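# Descriptive analysis of the structure
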Amino acid sequence: MAKRIDVSGLSAYYGSHKAIDDISMTVEPRSVTAFIGPSGCGKSTFLRTLNRMHEVTPGGRVEGKVMLDDENLYGSGVDPVAVRRTVGMVFQRPNPFPTMSIFDNVAAGLRLNGSYKKSELKDIVERSLKGANLWNEVKDRLNKPGSGLSGGQQQRLCIARAIAVEPQVLLMDEPCSALDPISTLAIEDLIGELKERFTIVIVTHNMQQAARVSDRTAFFNLAAVGQPGKLVEIDETERIFSNPSVQATEDYISGRFG
Amino acid sequence: MKTPSSTTDLPPLPPQHDGSAVSGKAVRPGDRIFLGLSRGSGIALLAIMAAIAVFLTYRSVLALSGDKANFFTTLDWNASGTDPKFGIAVLAFGTLVSSLVAMLIAVPVAVGIALFISHYAPRKLSAPLSYVIDLLAAVPSIIYGLWGALFLVPHLSGLYSWLDDYLGWTGIFSYGGGAARSLFTVGILLAIMILPIVTSVSREVFLQVPKMHEEAALALGATRWEVIRMSVLPFGRSGIISASMLGLGRALGETMAVATVLSPSFLINTSLLDPGGGTFAQNIASKFSEADQFGQDALIASGLVLFVITLLVNGAARLIIARRKEYSGAAA
């Protein structure tokens, strides 16, 4: 179900601009790893290299290795489409397919992967919506468009859509930054439940959120604007927030810059 | 700066009027001029529309009251002499059929080209390609007509014989030989003529698909075609409809190209490949110069019908777009 991610010597570029430089880290299975750091430090870019979404951007390219258990995602002959079916992603702004109903939104990924019987599809959609704590709110209007839900519900719909295909890893790119505090809380609770089944990586600007939801935290920083972002350190969340081993981390966390 | 005589104060002072400084109307000359200009333009537009409608209706009524046959079903156009008999059945059939053929050919091709430009072609290719497509729109219709008559017509008889061999049994595609100056040829020509407008409007819509919708599909493991099917086409649906309607509007009203290619006759021929038939615009253009006063009225009446058909087509398109609004993505 959940796999370990092992990144070594990874750099990502936009055209000739190097966005992140030589990152190596391990992400443990069935845990939540949070990426924090100032804007522009490349944490979102790094996240997008983990499911090969970075190269979708014109000029985007990647050097280095990302091992998912014992398979290199950037190995020759690896299909990026197949990678993205294994590594799911939730975006900053909720992006349900506007023309699809709630049901079809959740079923979208399944329909890409193959043919299911109607009853199977119904079961998986119900299970996924329950998994995303959304079932009770939408079970009476599965045929209504997903864009009619509130922002927080839409984001949980996107999570349901992502977990419906049973990915190995779930990447979340600031999933709460467009949401109100109550919806944020609902998502954070959900993350706590989902880590029983998935490997979760979350990018967040909210340090309290990182402290609340994550088991391990990685701090990214950049030397100056225009310089590539680097991984400063990754450690147990508790240690990062109480007694980090690098001074820059402590400065950032205590609000002395960034 | 010219100051109207009513406001003789220096510019920084508030305009003089009775009552307190904040209540009442403080109209500045610039506002007044622009209000007058824009209101005048609006009224002029309505007045021109009304004048056209009154003119068309008045002359049409004159023609219809003199028509000795049923205006809608008669298969003839004889609007002179003491016993005028004319009807629009042939024209309505020819106009709708040729436009339908044009739409069936042009819309899928145009959507394909637009998708290629917006989502498949490398940037180096998509810019010149868009330019060439837009250039097609700038070619005058008489040029299309000449090309159609001198190149397309002689080269289509081979295709038509082939269609006759395999699909002749349908009745629609039977072909008796001879010059291919038929409604189907007109449809092909119209398809080429409306291709640019449908393509460029669709392309613009496809380029506006929000990145986050495409990424939603990509992140689920969609291939490029699946991204297009899940995100791009649904988002662009109303745009494709609008684009098609723009094209259809042009096809319905196209005059010179049709008149140059078609060999007209007042018969409804179920075989689209055989010469004959006619369209509203082509009929008006070819008969107007030789028509007497009453003949002109009769042609104007047919023009009014074309106008109504165009209105109906546009209304239907708007209805389709409005009904899809709930799903349009505007709320997302």
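What counts, and where the lines are drawn
Residues numbered from 1 in each chain as written. Chains lettered and ligands numbered in written order. Predicted model: local features only at pLDDT ≥ 70, side-chain atom pairs only at ≥ 80, totals over all residues. Heavy atoms only, no water. Helix = DSSP H or I, 4+ residues; strand = E, 2+ residues; numbered from the N terminus. Buried < 20%, exposed > 50% of the residue type's maximum accessible area, 1.4 Å probe, protein only. Contact = heavy atoms within 4.5 Å. Areas by Shrake-Rupley, 256 points an atom, 1.4 Å probe, with all protein chains shown as cover. Buried area = accessible area lost by both parts, 1.4 Å probe. Salt bridge = Lys/Arg side-chain N within 4 Å of Asp/Glu carboxyl O. Polar contact = N/O pair within 3.5 Å; in protein donor to acceptor, adjacent residues only side chain to side chain. Pairing = 2+ DSSP bridges. Core = buried A, V, L, I, M, F, W, Y, C linked by side-chain atoms within 4.5 Å. UniProt positions renumbered as here; feature names shortened; annotations may be inferred. Phe/Tyr/Trp six-rings, centres within 6.5 Å; stacked < 30°, edge-to-face > 60°. Patch = residues over 30% accessible without salt bridge, like charges linked within 9 Å, V, L, I, M, F, W, Y side chains within 5 Å.

## Section: the overall build of chain B
Looking only at helices and strands, chain B features 10 helices and two strands. Counted from the first residue to the last, chain B has its helices and strands arranged as α-β-β-α-α-α-α-α-α-α-α-α. The proportion of buried residues among the 332 residues of chain B is 40%. Of all intrachain contacts in chain B linking residues separated by at least 6 positions in sequence, the fraction that spans at least 24 positions is 72%. By element, 68% of the accessible surface of chain B is carried by carbon and sulfur atoms, the whole surface being about 17,900 Å².

## What to know about the interface of chain A and chain B
With 27 residues of chain A in contact, the opposing surface of chain B contributes 22 residues. Buried surface at the junction of chain A and chain B, summed over both partners, amounts to about 2,300 Å²; 65% is from carbon and sulfur atoms. Run the count over chain A and chain B and you get two salt bridges. Close ionic contact of A:Arg85 with B:Glu226 constitutes a salt bridge, the shortest N to O distance being 3.4 Å. Joining chain A to chain B, the criterion identifies four residue pairs in polar contact (both at pLDDT 80 or more).

## Describing the pairing of strand E1 (residues 5-14) of chain A
Here eight bridges tie E1(A) to strand E4 (residues 60-68) of chain A, and the two strands are oriented antiparallel to one another. By the bridge assignment, A:Ala12 is partnered in E4(A) with A:Val62.

## Notes on the nonpolar core
Residue and element names in this part refer to chain B. The biggest cluster of nonpolar side chains holds 66 residues, and the ones touching the most others in it are Trp77, Tyr160, Phe184 and Phe280. Elements that contribute at least two residues to this core include exactly helix H2 (89-120), helix H4 (141-167), helix H5 (183-207), helix H7 (224-253), helix H8 (256-261) and helix H10 (293-323). Here the element with the most residues in this core is H2; it accounts for 13 residues. Residues within four places of tryptophan 77 in sequence aside, it is in contact with Lys85, Phe86, Gly87, Ile88, Leu91, Phe266, Asn283, Lys287, Ala298, Leu299 and Ser302.

## Describing the UniProt feature "domain: ABC transmembrane type-1" (unreviewed entry) in chain B
Taken from the UniProt record, the annotation "domain: ABC transmembrane type-1" (unreviewed entry) applies to residues 92-317 of chain B. Annotated as residues 92-317 of chain B, this span is 77% helix and 0% strand, and its ends, taken at the C-alpha atoms, are 19 Å apart.

## Some remarks on the side chain of A:His54
Looking at where A:His54 falls in the secondary structure, it is placed in the loop between helix H1 (43-49) and E4. Not counting residues within four places of it along the chain, the set of residues in contact with A:His54 comprises A:Ala12, A:Tyr13, A:Tyr14, A:Thr45, A:Arg48, A:Thr49, A:Gly60, A:Arg61 and A:Val62.

## A few points about unusual backbone geometry
All names here are of chain A. Of note in the backbone geometry, arginine 30 takes a positive phi value of approximately 50° without being a glycine. Relative to the helices and strands, arginine 30 resides in the loop between strand E2 (17-27) and strand E3 (32-36). Unlike most non-glycine residues, aspartate 69 shows phi in positive territory, near 55°. The topology assignment puts aspartate 69 in the loop between E4 and strand E5 (71-72).

## Some thoughts on the packing of aromatic side chains
All names here are of chain B. By the definition in use, this model includes 14 aromatic pairs over all chains. Both rings, one in phenylalanine 71 and one in phenylalanine 86, keep their centres 6.0 Å apart while their planes meet at 85°; by these two values the pair is edge-to-face. With phenylalanine 71 in the loop between helix H1 (29-66) and strand E1 (77-78) and phenylalanine 86 in strand E2 (residues 85-86), this pair connects stretches of sequence that are 15 residues apart. For phenylalanine 71, a relative accessible area of 8% puts it in the buried group. Judged by relative accessible area, which is 0%, phenylalanine 86 ranks as buried. Taking the centre distance of 5.5 Å and the plane angle of 20° together, the rings of tryptophan 147 and phenylalanine 151 count as stacked.

## A closer look at the environment of A:Leu73
All names here are of chain A. Mapped onto the secondary structure, leucine 73 falls in the loop between E5 and helix H2 (80-86). Residues leucine 73 and arginine 52, 21 residues apart in the sequence, show an inter-C-alpha distance of 7.9 Å. Setting aside residues no more than four positions away along its own chain, leucine 73 makes contact with Leu50, Arg52, Val66, Leu68, Val78 and Val83.

## A word on the UniProt feature "transmembrane region" (unreviewed entry) in chain B
All names here are of chain B. Per the UniProt record, "transmembrane region" (unreviewed entry) is found at residues 42-66, 86-117, 129-152, 172-198, 239-262 and 298-321. Taken as a whole, residues 86-117 contains 91% helix and 3% strand, while its terminal C-alpha atoms sit 48 Å from one another. Between the first and last C-alpha atoms of residues 172-198 the distance is 27 Å; the span itself is 59% helix and 0% strand.

## Re the pattern of salt bridges
With the rule as written, the count across this model stands at 19 salt bridges over all chains. For the salt bridge of A:Glu188 with A:Arg212, the shortest nitrogen-to-oxygen distance reads 2.6 Å. In this pair, A:Glu188 is assigned in helix H7 (residues 181-194) and A:Arg212 in helix H8 (residues 207-213), connecting sequence segments 24 residues apart. One salt bridge connects B:Asp134 with B:Arg203, and the closest N-O pair in it is separated by 4.0 Å. Of this pair, B:Asp134 sits in helix H3 (residues 123-138) while B:Arg203 sits in helix H5, and the two are 69 residues apart along the sequence. By relative accessible area, which is 8% here, B:Arg203 ends up buried.

## Notes on a nonpolar patch on the surface
All names here are of chain B. Together, Leu45, Met49, Phe307, Val308, Leu311 and Leu312 make up a nonpolar patch on the protein surface, roughly 590 Å² of accessible area in all. For the nonpolar patch, the secondary-structure elements that each account for two or more residues are H1 and H10. Here the element with the most residues in the nonpolar patch is H10; it accounts for four residues. Note on placement: methionine 49 falls in helix H1.

## A short note on the side chain of B:Glu226
Considering the arrangement of structural elements, one finds B:Glu226 in helix H7. Among the residues examined, B:Glu226 registers a relative accessible area of 14% and is labelled buried. Apart from the residues lying within four places of it in its own chain, the contact partners of B:Glu226 are A:Arg85, A:Leu112 and B:Gly221.

## What about helix H3 (residues 102-113) of chain A?
Of all the 12 residues making up H3(A), nine are buried; the element is thus mostly covered by neighbouring parts of the structure. Those residues of H3(A) that fall on the buried side of the exposure criterion are A:Ile102, A:Phe103, A:Asn105, A:Val106, A:Ala107, A:Ala108, A:Gly109, A:Leu110 and A:Leu112. Buried positions along H3(A) lie against H2, helix H4 (118-131), helix H5 (135-138) and helix H6 (151-164) of chain A together with H7 of chain B. Within two residues after H3(A), A:Gly114 carries a phi angle of roughly 160°, on the positive side.

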